[in-house]
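If you want the building blocks of each chain, they are given just below.
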Amino acid sequence: MSQAGDVEALNGAKAVLRNAVLLRRDARSDDERRANDEARFGLIQQTLLDRGPLDRLACYLSSDTEPGTLQLVAWLAAQGVEVLLPVLTDGDGGLLRVPAWAWYTGPDALRTGRKSILEPTGEVLGAEAVREAEVIICPSLAADPAGQRLGRGAGWYDQALAELPGDAEVWTLINDDELLNELPAQDWDRPVRRIITQTRVIDC
């Protein structure tokens, strides 16, 4: 198979996996999602406390059926941790071309952006701002024990994480059934160092 054929095959495999995960997430009841989020939040809390003092963390604001982070962001802010959040739009509906960030300053300083994703309304910082975070929590549809993650395919986090050194503490949150034996990976895919589900913490 040619190199172009390999890329097409990998993209096709990823698309199939994305659809399967999204269908499974949609099939979960609200009660099951809430229970999973609460259990996962407890594990994240303990993992962060065990890690030691933390000043700055980057995180996403969950939407729809994603593993929840809203409770986590509120808890971190209450602990005095500065939280850096993605900014996807210019505030008028236009999509930003490159990753950007802003600091979380409270629920009243959030707006609904692209695909109903909440984003902060404060000063927009460039892609390099993520380097200030000691821990980066990124979304995934699936992951494997080697730390390969499956995103939604837009490449936002692949670009954003490219700003970080190789030893950066990048974590991801998934459900137990989204931890797969092995994921197809491409050169630009950035692995994570820690995976947290509702029942366990996996160091990659």
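In what follows, the structure referred to is the one given above.
Residues numbered from 1 in each chain as written. Predicted model: local features only at pLDDT ≥ 70, side-chain atom pairs only at ≥ 80, totals over all residues. Heavy atoms only, no water.

Chemist: Can you tell me about the pairing of strand S9 (residues 169-173), naming the residues and giving the values?
Modeler: Burial runs high along S9: 4 of the 5 residues are buried. Where strand S6 (residues 135-139) and S9 come together, 5 bridges link them in parallel fashion. Residue pairing in the sheet places Cys 138 in a bridge with Thr 172 of S9. Pairing of S9 with strand S10 (residues 194-196) involves 3 bridges; the strand directions are parallel. (Buried < 20%, exposed > 50% of the residue type's maximum accessible area, 1.4 Å probe, protein only. Helix = DSSP H or I, 4+ residues; strand = E, 2+ residues; numbered from the N terminus. Pairing = 2+ DSSP bridges.)

Chemist: Outline the sheet that holds strand S1 (residues 56-58), listing residues and values.
Modeler: Strand order in the open sheet formed by 7 strands is S3-S2-S1-S6-S9-S10-S11, and the pairing between neighbours is mixed. Edge positions in the sheet fall to strand S3 (95-103) and strand S11 (201-203), since each has one partner strand and no second. On average, each strand axis in the sheet is tilted by 25° relative to the strand beside it, whichever way the strands run. Bridging between S10 and S11 involves 3 bridges; their strand directions are antiparallel. Residue pairing across strands places Ile 196 opposite Val 201, the latter belonging to S11. Across the sheet, helix H2 (residues 30-51) is in contact with S1, S6, S9, S10 and S11; its angle to S9 comes to roughly 165°. (Axes fitted to C-alpha atoms, helices over the stretch in contact; angles between N-to-C directions. Contact = heavy atoms within 4.5 Å.)

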